[in-house]
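Per-entry structural report
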Amino acid sequence: MSRVDLIPNGPRDVLQPLKGRGAVSRLAHRFVRDQRSAFDDGWGEGADDGATPAPATQVIWQDARSAISANDSPDIAFDYSVNPYRGCEHGCIYCFARPTHSYLGLSPGLDFETRIIAKRNIAAVLARELAAPRYRPSVINVGSATDCYQPVERELRLTRGVLELLARVRHPLSIVTKSSGIERDLDLLAPLAGQGLAAAYVTITTLDAGLARILEPRAAAPHRRLRSIRALAEAGVPVGVSVAPQIPFITEDMEQVLAAAHAAGARRAFYTVLRLPWELSELFQQWLQSHYPDRAERVMARVRDMRGGKDYDSNWGQRMHGQGVWADVLRQRFDVACRRLGLNRERFGLDTRRFHPGVLRGQGDLF
């Protein structure tokens, strides 16, 4: 039985898209006991004329108990991460972090992009952890799970507080974002980059603005992200491009994205293929039926080809790039394009030796 709960547009044979939102339902999370499915009771569309408005964004404040998350996965390029937010208003339908909202008792569907958890004390907790005598510096990725420059950051400035702290102690950091909001913090990132302490990646899934509008509805437009790459490069910040995720029969312009990003100043690149853990598989398939019903079966068949017949394979070495013929072809396309453009010839080496936590110790007011 489909675990669709509180469908915003009423019972329909096909769930209807919501303007400005990625998910098309408030899919019940996997820990819920009572499951509901859509049912047509015969009233049809006349009950509300299909005019249910899209849900508004709600910020929920949280006091974080810890700031740094350690990573031991061999297929991720950083050891530590800090995430000022849980949930993301960008609404990217493919976001692998959506199922984490289930641990909060919230839907990984619409709740993930409308109920944003903001860790108001994130900088203070991070300061305490960096000042601990046992802490050993390694590159911290800011916003690895959800975008640290999503729209609410304009007012809340939690990411800004984290960057100010890292700059103060001269700690190396990396950022992956699909928001032009990163340009606001060039005054911090440029000096850090000059000391070998900062690098950034801008995610551009496609150059097709129409596709981007429904795939990642509240993220910056593709052409705007290219401008962010240029702004970062011109400010001296090492910048790369993430062409992730690659979605079969949906995103088909990887080479064009790489070329445009390189022309704007990107010097490194990486990609992943679509990952569909837990509830994300059903959410993505709802999105396919709403936007691309003619190719939905073909997309999922190719996804399963790359995942050993399953919707998802979480094994290290497989989860990021998949397996099989299509995965091999995609890898070859990426490698050939990078060689032709000169991408990935230089490394973004970040310096941990400059870390200076002494400025934090003894300052209890920070904690």
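Residues numbered from 1 in each chain as written. Predicted model: local features only at pLDDT ≥ 70, side-chain atom pairs only at ≥ 80, totals over all residues. Heavy atoms only, no water.

**Concerning the overall build of the protein chain**
Looking only at helices and strands, the protein chain has 11 helices and 12 strands in total. With 367 residues in all, the protein chain has 54% of them scored as buried. Taking the intrachain contacts of the protein chain between residues at least 6 apart in sequence as the baseline, contacts between residues at least 24 apart amount to 80%. Entry remark: accessible area of the protein chain is about 16600 Å², with carbon and sulfur atoms responsible for 48%. (Helix = DSSP H or I, 4+ residues; strand = E, 2+ residues; numbered from the N terminus. Buried < 20%, exposed > 50% of the residue type's maximum accessible area, 1.4 Å probe, protein only. Contact = heavy atoms within 4.5 Å. Areas by Shrake-Rupley, 256 points an atom, 1.4 Å probe, with all protein chains shown as cover.)

**Re the nonpolar core**
Buried together is how nonpolar side chains tend to be arranged in soluble globular proteins. Core analysis: the largest hydrophobic core is formed by 66 residues, its most contacted members being Leu126, Leu130, Ile140, Ile229, Val241 and Leu258. Sort the elements by how many residues they give to this core and helix H11 (residues 325-341) lands first, with 7 residues. One finds Ile247, Ile250, Leu283 and Val303 within the second-largest nonpolar core, a separate group that totals 28 residues. (Core = buried A, V, L, I, M, F, W, Y, C linked by side-chain atoms within 4.5 Å.)

**Notes on the sheet that holds strand S3 (residues 58-62)**
Taken in spatial order, the 3 strands line up as S3-S7-S6 in an open sheet, and their pairing is mixed. A single partner strand is all that each edge strand has here, and the edge strands are S3 and strand S6 (85-86). Where S3 meets strand S7 (residues 115-119), 5 bridges bridge the pair, whose relative direction is parallel. Each residue of the ladder has a partner; that of Val59, found in S7, is Ile116. (Pairing = 2+ DSSP bridges.)

**Regarding helix H10 (residues 296-306)**
Listed in full, the buried residues belonging to H10 are Ala296, Val299, Met300, Val303 and Met306. Seen from one end, H10 has its buried residues packed into an arc of 115 degrees, which puts them on one side. Of the exposed residues in H10, those oriented more than 90 degrees away from the buried face are Glu297 and Asp305. Structurally, H10 contributes buried residues whose contacts are with helix H9 (280-291) and H11. Positive backbone phi, at 65 degrees, marks Gly308, one or two positions downstream of H10. (Arc of directions from axis to C-beta.)

**With respect to the side chain of Ser138**
Checked against the element boundaries, Ser138 lands in the loop between helix H2 (122-131) and strand S8 (140-142). Engagement of the side chain of Ser138 in a polar contact is seen with the side chain of Asp79, the distance being 2.9 Å. In contact with Ser138, not counting residues within four places along its chain, are Asp79, Tyr80, His171, Pro172 and Thr352. (Polar contact = N/O pair within 3.5 Å; in protein donor to acceptor, adjacent residues only side chain to side chain.)

**Notes on the packing of aromatic side chains**
This structure, assessed with the given rule, holds 7 aromatic pairs. Ring centres of Phe284 and Trp287 lie 5.7 Å apart, and the angle between their planes is 20 degrees; on these two criteria the pair is classed as stacked. A residue pair is termed a helical-turn pair when its members lie 3 or 4 positions apart in one helix, as Phe284 and Trp287 do in helix H9 at 3 residues. Here Phe284 and Trp287 have matching classes, each one buried. Taking the centre distance of 5.6 Å and the plane angle of 55 degrees together, the rings of Trp287 and Tyr292 count as tilted. These aromatic residues form a ring-pair network of at least three members: Tyr80, Tyr135 and Phe355. Of note, Arg275 hangs over the ring of Phe96, and the distance from its end group to the ring centre comes to 4.6 Å. The ring of Phe249 carries the charged tip of Arg298 above its face, separated from the ring centre by 4.3 Å. (Phe/Tyr/Trp six-rings, centres within 6.5 Å; stacked < 30°, edge-to-face > 60°. Lys NZ or Arg CZ within 6 Å of the ring centre and 35° of its normal.)

Purely geometric stuff here, so don't read any function into it on its own.
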